[in-house]
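# Residue-level structural notes
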Amino acid sequence: MSTAAPHSTGHDRLWSVDEHLEDVLTAIRPLEPIELHLLDAQGCVLVEDVTVPVSLPPFDNSSMDGYAVRVADVAGASEEFPAALEVVGDVAAGQAGLLHVGPGQAARIMTGAPLPPGAEAVVPVEWTDGGLGEGPVDAMRARSLAPEGATGHVRVHRPAEARAHVRAQGSDVRAGDRALEAGTVLGPPQIALLAAIGRGTVRVRPRPRVVVLSTGSELVQPGEALADGQIYDSNSFALTAAARDAGAIAYRVGAVADDADTLRSTVEDQLVRADLMVTTGGVSVGAYDVVKEALAHAGDEDEPGSGVEFRKLAMQPGKPQGFGTVGPDHIPLLALPGNPVSSYVSFELFVRPAIRTLMGLTDVHRPTTRATLTADRPLSSPRGRRQFLRGSYADGTVRPVGGAGSHLVAALAHADALIVVPEDAESVEPGAEVEVVLLG
């Protein structure tokens, strides 16, 4: 893996949040469409409209377990004066060679079974004596235990209107209708519809493969013992989970020590399974900021156009950021800060939209709204920086959660929104209307 030298502008000026986001999204293109089997396409985005080849349901069928009858034969039926009908047989779901229901006849029918010729309505079994010659019953007897139930006579205790308890052919969707539009994300209901209309495969943009890699010699895998000066690696877990929540197939790589050669080697190894790479840590101005050391160097001639540029953004938290491409296939890489809150806020602002863009979605951002600030004191913010504070949103109001420190993981766990304080504001008074990014 090689990278080109960063542009000088990344060091010379402060980028706005919008400029950095535009730079990221301009460079990222949706993944190429592929044909996938239905279950493999879950979470993917359709690239073409899907037309219904056959109506649903494909035939008139019963919505109840009961008896298929002619309307005239049950007109005026009551418990005192039931209509007695000859049972000519059973109609089960999936059955071919339908019976014909003539005058004075009924066919015992199951839910989903085709309405037999001659029948005009279905009376639920609860409206009948079930062929037992007594009062109303609650259910049919199993055919295996009482095969005689498919013959004999049944007494119907209530009348039925035409088409009662009949699902009409095409009442769900008709042949030629558009079942799903291009751009639809395929969840369980959409996959059910595709299966119901007979589609075994669909053309979609695949879910992006995102590799998440954290850096820092102080990081320890959760579950292991901590030595002096060590902390548990939470960032890679948070960002991997966030990438999956955004729709990606995400892979978490164990924390890489503060060694540039090791990081470069790890990135090279991971490129084979990445449509997007995300690193966290090592992008500031310290002597051990290994991501900058490893990626912000002159590339060789084998990979022209590759490079990661490190820049400072007018935002808090998340001032140091990096973006570029790595490897011969120019895989996009976003380098995020190492503080937990900084990395998560950066993910929501920049990485999530990148993932959604790779998926081929047009609406790539979290929803935003306006809310009334409820707080004990004014919120302070550095002028010239767009600040993102953790908040809890409910019923048109939002309150801060935790302090402004970028290391406060516990507060982040209780937040479902980000309170946005614009660059030109140094304080926001309680009761003021603020912009809110909804995370839930």
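The structure under discussion appears in the preceding block.
In what follows, the accompanying structure is described. (Residues numbered from 1 in each chain as written. Predicted model: local features only at pLDDT ≥ 70, side-chain atom pairs only at ≥ 80, totals over all residues. Heavy atoms only, no water.)

Taken together, the buried positions of helix H6 (residues 260-270) are Ala 260, Leu 263, Thr 266, Val 267 and Gln 270. Each buried residue of H6 lies within a common arc of 125° when the element is viewed along its axis, so the set occupies one face. Along H6, the residues that are exposed and aim more than 90 degrees away from the buried face are Asp 261 and Asp 269. The inward-facing, buried residues of H6 abut strand S14 (209-215), strand S17 (249-256), strand S18 (276-280), helix H7 (290-295) and strand S21 (320-326). With a side-chain oxygen positioned 3.4 Å from the backbone nitrogen of Asp 261, the residue opening H6 is Asp 259. (Buried < 20%, exposed > 50% of the residue type's maximum accessible area, 1.4 Å probe, protein only. Helix = DSSP H or I, 4+ residues; strand = E, 2+ residues; numbered from the N terminus. Arc of directions from axis to C-beta. Contact = heavy atoms within 4.5 Å. Polar contact = N/O pair within 3.5 Å; in protein donor to acceptor, adjacent residues only side chain to side chain.)

Right, let's talk about the pairing of strand S29 (residues 433-438) for a bit. Bridge analysis of strand S23 (residues 368-373) against S29 gives five bridges, and the strand direction is antiparallel. In the strand pairing of S29, Ala 371 is matched with Val 434. When strand S27 (residues 417-421) meets S29, the two strands line up antiparallel, connected through four bridges. From the neighbouring strand, Ile 419 faces S29, where its bridge partner is Val 436. (Pairing = 2+ DSSP bridges.)

The nonpolar side chains of a soluble globular protein tend to be buried with one another. Leu 276, Leu 334 and Ile 355 are the most contacted members of the largest nonpolar core, which has 40 residues in total. Elements supplying a minimum of two residues to this core: helix H2 (17-27), S14, helix H5 (235-246), S18, strand S22 (331-336), helix H8 (340-359) and S27. Take this core: its biggest share by element is eleven residues, from H8. Apart from the residues lying within four places of it in its own chain, the contact partners of Leu 276 are Arg 209, Val 210, Val 211, Ile 331, Pro 332, Leu 334, Val 351, Ala 354, Ile 355 and Leu 358. In this structure, Val 211, Val 256, Met 277 and Val 308 belong to the second largest nonpolar core, which totals 21 residues. (Core = buried A, V, L, I, M, F, W, Y, C linked by side-chain atoms within 4.5 Å.)

So, on to the sheet that holds strand S13 (residues 201-205). Pairing is antiparallel across the open sheet formed by three strands, whose spatial order is S2-S13-S3. What marks the edges here is a single partner per strand, and that holds for strand S2 (34-37) and strand S3 (45-46). Note that S2 and S13 share four bridges and pair antiparallel. In the strand pairing of S13, Leu 36 is matched with Val 202.

Within the fold, Gly 324 resides in strand S21. The class for Gly 324 is buried, based on a relative accessible area of 7%. As for Gly 324 and Asp 23, which are separated by 301 residues in sequence, their C-alpha atoms are 9.6 Å apart. Setting aside residues up to four positions removed in sequence, Gly 324 forms contacts with Gly 307, Val 308, Ile 331, Pro 332 and Leu 333.

Worth remembering: the numbers are spatial, not functional.
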